[in-house]
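Single-letter residue listing:
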Amino acid sequence: MSTTNYISKVVPDATAALEGLEDNMTVMFGGFGLCGIPENSITAIREKGTTGITCISNNAGVDDFGLGLLLHTRQIKKMIASYVGENDEFERQMLSGELEVELIPQGTLAERCRAAGAGVPAFYTPAGYGTEVAEGKEVRVFNGKPHILEHAFDAPFAFVKAWKGDKAGNLIFKGTARNFNPMMAMAGKITVAEVEELVEVGELDPNSIHIPGIFVQRIFQGVGYEKRIEQRTVRAKSE
Amino acid sequence: MGLSKDQIAQRIAQELRNGWYVNLGIGIPTLVANHIPQGINVEFQSENGILGMGPFPFEGEEDADLINAGKQTITAMPGASFFSSELSFAMIRGQHVQLTVLGAMEVSDSGDIANWKIPGRMVKGMGGAMDLVASAENIIVAMQHTNRAGESKLLPECSLPLTGVQCVKKIVTDLAVLEVHPERGFILLERAPGVTVNEIQSKTAGRLVVEGDVPEMQL
């Protein structure tokens, strides 16, 4: 046996990872607030100038970081998110009608990603029953409780960020930077993973892998992570 | 004189039971963690993916990869765990989390809650609130009894877009502790120290049930 025993997912950098990304696509971005966002991929998309993007992401970044960067350049046509506060440019574009916005419950957002990756076309959830989120959706009662039918997403591209990854695309996340990254990795037809540390196969303990490489099509070593903190809260040493 | 925000949190903390997993929303609910009664062990869940959330870090020890759902830097307690958003909401919808404490703009006397949108003025999104209120067994709302204009936030019907229907079980405001009964309305359980039943009545627009002598809260 002279061949390698793994399928390499490595691409040289963020720019190479965008091959096939075209205008008017639906794209997932991992992260919660600014925690665990694919910083390198966002910058590369900004440079590539891809427009008409429908973004699926829990949040929309802040004015000058995260997806806020793509809002400023008007590359985003529609935002599908659960919470979009803390972004003035977002609010301006939404109120003026330049940006389409669909707000959905956070758990439903997560499950619609998971379902997409798991081959489940739709599912029932109690979240949003009796609210405007349920308008036009099928309602069915299970165990005496009403639920609404929600569908899996369909995303040609997903951009995620992990702490460590190996050349086979296996991923390990750190702390609460995991958030939406695993299920978006599952959901993307082409999932691009950027990592703080890209290692050789065999260096990661198989028991510790959070997302197996089968869900990752492209992986690259990220550079220059800013990892900005949105709300710096501390306590005094005396407490 | 009603309760301060910290006192509202202190009163809610009395509702904690040993062994509960608890999700605290942003604002007053976050303060509940500062008032856990002696002898009560609970774990705090934050829906962005941590169980066993600890206090804010010491200055210089902040970690950008360790935040709560309010995007604040936090710490992890011994025994803590991290997980994905999908697993986090499995815990919530699957009723593995025993108590949810959250803020509200309005609550109706049948237990409907509105807290995510003011049409034409403020649209920040529902975040995890719709999932939380649709599934939690115990939901306590922490809020002021009236809004900035002095109008009651305890209404016959919510006027704002709903977050959930018939889900709120208890409300702790600066003036009172109330149980929500879907048919009977707001049942007055306790008064804030020095606050009269008349004052509570006058500031409650929805149906208020007053039975016998209503005791003062013990803080």
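Above this text is the structure in question.
First things first, this report covers the structure right here in the doc. (Residues numbered from 1 in each chain as written. Chains lettered and ligands numbered in written order. Predicted model: local features only at pLDDT ≥ 70, side-chain atom pairs only at ≥ 80, totals over all residues. Heavy atoms only, no water.)

This brings us to the overall build of chain A. Counting its secondary structure elements, chain A contains 6 helices and 11 strands. Along the longest, intermediate and shortest principal axes, the C-alpha atoms of chain A span 60 × 55 × 40 Å. Across the 239 residues that make up chain A, the buried fraction comes to 55%. Contacts in chain A between residues far apart in sequence, at least 24 positions, make up 71% of those at least 6 positions apart. (Helix = DSSP H or I, 4+ residues; strand = E, 2+ residues; numbered from the N terminus. Buried < 20%, exposed > 50% of the residue type's maximum accessible area, 1.4 Å probe, protein only. Contact = heavy atoms within 4.5 Å.)

A word on the sheet that holds strand β3 (residues 50–54) of chain B. All names here are of chain B. Reading across the sheet, the 10 strands line up as β4-β3-β2-β1-β5-β10-β12-β13-β14-β15 and stay open at both edges, with mixed pairing between neighbours. Both edges of this open sheet fall to β4 (75–82) and β15 (208–209), since each of them pairs with a single strand only. Note: strand β2 (residues 43–46) against β3, 2 bridges, orientation antiparallel. The partner of Q45 across the bridge, within β3, is L51. Packed on one face of the sheet, helix α3 (residues 85–93) meets β1 (21–24), β2 and β3 and runs near 120 degrees to β2. (Pairing = 2+ DSSP bridges. Axes fitted to C-alpha atoms, helices over the stretch in contact; angles between N-to-C directions.)

Quick look at the pattern of salt bridges now. This structure, assessed with the given rule, holds 25 salt bridges over all chains. When the shortest N-O distance is used, the salt bridge between E196 of chain A and K161 of chain A registers 2.4 Å. Of this pair, E196 of chain A sits in strand β10 (residues 190–199) while K161 of chain A is found in strand β8 (residues 157–166), placing the two residues 35 residues apart along the sequence. For E196 of chain A, a relative accessible area of 26% gives the class partly exposed. Taken together, the shared-partner salt bridges in this structure form one network comprising K161, K174, E196 and K227 of chain A together with D63 and D65 of chain B. (Salt bridge = Lys/Arg side-chain N within 4 Å of Asp/Glu carboxyl O.)

Here is a general trend for soluble globular proteins: nonpolar side chains tend to be buried in one another's company. Of all hydrophobic cores here, the largest spans 48 residues; its most connected members are V141 and I171 of chain B. Not counting chain neighbours up to four residues away, the residues in contact with V141 of chain B comprise L102, A104, V107, I113, V168, K170, I171 and V172 of chain B. Residues V11, A17, V27 and F220 of chain A belong to the second largest nonpolar core, which totals 37 residues. (Core = buried A, V, L, I, M, F, W, Y, C linked by side-chain atoms within 4.5 Å.)

Residue and element names in this part refer to chain A. Mapped onto the elements, Q93 comes out in helix α4 (residues 88–95). Looking at Q93, its side chain comes within polar contact range of the side chain of E89, at 2.8 Å. Setting aside residues up to four positions removed in sequence, Q93 forms contacts with L71, R74, E98 and L99. (Polar contact = N/O pair within 3.5 Å; in protein donor to acceptor, adjacent residues only side chain to side chain.)

Moving on, we get to the interface of chain A and chain B. Taken together, the contact between chain A and chain B spans 51 residues of the former and 48 residues of the latter. Carbon and sulfur atoms make up 59% of the area that chain A and chain B hide from each other, which totals about 4200 Å². Considering only the side of chain A, the residues that lose the most area to chain B are T176, T233 and R235 of chain A, jointly responsible for 16% of the buried surface there. Between the two partners, chain A and chain B, sit 7 salt bridges. A salt bridge links D65 of chain B to K227 of chain A, with the nearest nitrogen and oxygen atoms 2.6 Å apart. At the surface where chain A touches chain B, the tally comes to 25 residue pairs in polar contact (both at pLDDT 80 or more). Element by element, the count of residues in the side of chain A that touches chain B is highest for helix α5 (residues 106–118) of chain A, at 6 residues. Taken together, the residues of the side of chain A that touches chain B break down into 20 nonpolar, 16 polar and 15 charged. (Buried area = accessible area lost by both parts, 1.4 Å probe. Nonpolar A, V, L, I, M, F, W, Y, C, P; charged D, E, K, R; others polar.)

Further remarks concern the packing of aromatic side chains. All names here are of chain A. Under the defined criterion, the tally for this structure stands at 3 aromatic pairs over all chains. Here the aromatic rings of F29 and F159 are separated by 5.6 Å at their centres, their planes lie at 20 degrees, and the arrangement is stacked. Within this pair, whereas F29 is found in strand β1 (residues 26–29), its partner F159 is found in strand β8, the two being separated by 130 residues in sequence. Assessed through its relative accessible area of 1%, F29 is described here as buried. The exposure class assigned to F159 is buried, which follows from its relative accessible area of 0%. Every member of this aromatic cluster is reached through a ring pair, and the members are F29, F157 and F159. In this arrangement the basic side chain of K161 is found over the ring face of Y225, its NZ or CZ atom lying 4.9 Å from the centre. Cation over ring: K164 sits above W163, and NZ or CZ is 4.5 Å from the ring centre. (Phe/Tyr/Trp six-rings, centres within 6.5 Å; stacked < 30°, edge-to-face > 60°. Lys NZ or Arg CZ within 6 Å of the ring centre and 35° of its normal.)

Turning next to the pairing of β1 of chain A. Residue and element names in this part refer to chain A. The pairing of β1 with strand β2 (residues 53–56) spans 3 bridges and is parallel. Paired with M28 across the bridge in β2 is I56. For the crossover that starts at β1, traverses helix α2 (residues 39–48) and ends in the parallel β2, the hand is right-handed. The sheet contact formed by β1 and β8 spans 3 bridges and is parallel. (Right-handed = clockwise from strand over helix to strand, strands pointing away.)

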